[in-house]
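Per-entry structural report
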Amino acid sequence: MVKENVQAGTKAVWAGEKDYLVHGATQVPIVLSVAYGYDDMDEWYDVAIGKKKGHIYGRNTNPTVQAFEDKVKILEGAEAATSFSTGMAAISNTLSTFLVPGDRIVSMKDTYGGTNKIFTEFLPRQQIDVVLCETGNHEQIEAEVAKGCKILYLETPTNPTVKITDIERMARAGHESGAIVIVDNTFATPMNQNPISLGVDLVIHSATKFLGGHADALGGVVCGPHELVEKIYHYREINGATMDPMAAYLMIRGMKTLHLRVRQQCENAMALAKYLQTKDMVESVYYPGIETHPNHHIAKKQMKDFGGMLSFAVKGGVDTVRDLLPKLQFANRAANLGAVETTVGPARTTSHVECTPEERAAVGIPEGLIRVSCGIEEIEDIIADFEQAFSHAESVLQVK
Ligand SMILES: *Cc1c(COP(=O)(O)O)cnc(C)c1O
C-alpha cells in the first residue's frame, strides 16, 4: 500500500500493485486464467461467498483487473472501484444498477454522445424520466434536482466544448434531495480533478482515454463508497461487461506515466489555445484555461490544471475543416482522445455524429467546430504544424 501522503504522480507509478506481484516480479502479471482451482472444499466455499479473499471465475474478478481498480481507486481517493469492458459499459451498468421504472434522473445536455443516447433513447423506454438541463446552468439543475431525483449525473469538462459545472455546488444540491451524484471525470483525469473530494458519490472514467493513454485498449471504471460500488460490481458480474486482463495490464502500464502525460497535455493545450486565439480563421476557442472561458473561475477552483482537451470553431464551417485537417502532419484524424498523439476531429464526425446539424446547433456546436485532444509532442512542432495547415486553408479560401 502506497502511503496516503505522497503526491499523485508517485501514486500513479506505485499504487495498487504490491498485492498482485508474484515470484519477485516487479510488474503486475497478466493472469489470463478464466477459473481458479481449489483442493479444499471449505476454502472454495469461503471464497465463493466472499468470506475469504480470492478468485473464482474471470467474469467476477481477476488479479490483473483488480490491480488496475486499486490504482484508480487510490488516485481518486475512493474506498472502492470496479471496472468494465468500456467506458460506456461503466456508465450504462452504473445507471442500470440504481434506476428502476418510475425513477427520475437529472443531467445536462452536453454529455458524451453515447451517454446522451442512453438518456434519450434507452432510459425513456424503461419508463425512467430523464431531465436534461442546459449545461452550466446551475440554477436550472438545482431547481430540477429539488423536485426529487434518484441520480444527478454530471460531466465536467464536457465534450466537445469543454463547459464547466461547479461540482461542489451540484453535489450539495444532489444530496439535499437524496440523489446519488455521479461525475464522468474522463476529460479531467484524476490528476486534475477529484470529484469525491468535492462531495460526489461516484466517479466514472472511460479508461480508454487518458488513463490508458495510448489508444490501444478499451476500458471503464467506477469509484466510490463500498456500499454503492458493491451493488454496481454485482450488476456487472452478472451482466458480464468485464474488463479483459490484457486491457487491465495496458491500463496499469499506461497509468504509470499518467501524471507526466497529463502535465504535458495541459501545457500543450494552453499554448495551442493561446495560439489559436491569434488566428484570423478561428472564430472562437473553447478551453477552460483561458480567461475568456465563461466558467474559467469555476475550473480554477475545482481543477488543478485545465486538461488536454480544447476545441475551436473555424470561419467557413465544414469547407474550412475539409481543407485544414488533412494538412496536419502530427495529428490523427480520429474519434478517440486522451492519447499521446495529438488527435483532431470535427464534432460532426466524432462526439456528435448521431445528431443533425440543427441538433448540434441547439447545443451550441457550430459545424466548423474542431475538437483537439492534445498529445505529448513538443508544442513548437504542433504550433508549426497548425501554422502551415492554416496557411494552406487560407490560400484555398482565397482561390475560392
Ligand atoms: C469516450 C468517452 C466515454 C465512453 O467511453 P468508451 O470507453 O468509448 O466506451 C464516456 N465519457 C466520456 C467523457 C468519453 O470521452
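These notes cover the structure that comes with them. (Residues numbered from 1 in each chain as written. Predicted model: local features only at pLDDT ≥ 70, side-chain atom pairs only at ≥ 80, totals over all residues. Heavy atoms only, no water.)

Counting 34 residues, the largest nonpolar core has Leu272, Leu276, Leu310, Phe312, Phe386 and Phe390 as its most contacted members. Of all the secondary structure elements, the ones that give two or more residues to this core are helix H11 (258–277), strand S8 (282–286), helix H12 (296–302), strand S9 (309–314), helix H13 (317–324), strand S12 (369–373) and helix H15 (379–399). Of the residues forming this core, the biggest block, 6 residues, is contributed by H15. Setting aside residues up to four positions removed in sequence, leucine 310 forms contacts with Ala269, Leu272, Ala273, Leu276, Tyr286, Tyr287, Ile370, Arg371, Val372 and Cys374. Membership of the second largest hydrophobic core comes to 30 residues, among which are Ala217, Ala248, Cys266 and Met309. (Core = buried A, V, L, I, M, F, W, Y, C linked by side-chain atoms within 4.5 Å. Buried < 20%, exposed > 50% of the residue type's maximum accessible area, 1.4 Å probe, protein only. Helix = DSSP H or I, 4+ residues; strand = E, 2+ residues; numbered from the N terminus. Contact = heavy atoms within 4.5 Å.)

By way of backbone hydrogen bonds, the strands of a sheet pair with one another, either parallel or antiparallel. With mixed pairing, 7 strands are arranged side by side in an open sheet as S1-S7-S6-S5-S4-S2-S3. Each end of this open sheet is capped by a strand with a single partner; those strands are strand S1 (80–84) and strand S3 (129–133). On average, each strand axis in the sheet is tilted by 20° relative to the strand beside it, whichever way the strands run. In this structure, strand S5 (residues 180–184) lies alongside strand S6 (residues 202–206), joined through 3 bridges in parallel fashion. For valine 183, the partnering residue across the bridge sits in S6 and is valine 203. (Pairing = 2+ DSSP bridges. Axes fitted to C-alpha atoms, helices over the stretch in contact; angles between N-to-C directions.)

Overall, the coordinates contain 20 salt bridges when judged by the stated rule. Between arginine 236 and glutamate 69 there is a salt bridge; the shortest N-O distance is 4.0 Å. Taken together, the residues span a long stretch of sequence, with arginine 236 in helix H9 (residues 226–239) and glutamate 69 in helix H3 (residues 63–76) at a distance of 167 residues. Like glutamate 69, arginine 236 is buried. One salt bridge in this structure joins lysine 109 and glutamate 134, with 2.4 Å as the shortest N-O distance. A residue pair is termed long-range when its members are at least 10 positions apart, and lysine 109 in the loop between strand S2 (104–108) and helix H5 (113–122) and glutamate 134 in the loop between S3 and helix H6 (138–146) qualify at 25 residues. Note on lysine 109: relative accessible area 31%, which makes it partly exposed. In this structure glutamate 134 comes out as partly exposed when scored by relative accessible area, which is 36%. Ionic contacts of the salt-bridge type, sharing partners, join the residues Arg104, Asp129, Glu144 and Lys147 into one network. (Salt bridge = Lys/Arg side-chain N within 4 Å of Asp/Glu carboxyl O.)

Note the cis peptide between threonine 156 and proline 157, where omega equals -5°. With respect to the element layout, proline 157 can be found in the loop between strand S4 (151–155) and helix H7 (167–176). Following asparagine 159, the chain continues to proline 160 via a peptide bond in cis, the omega torsion being 0°. When you line up the elements, proline 160 lands in the loop between S4 and H7. Phi angles above zero are rare outside glycine, and glutamine 127 is one such case at about 60°.

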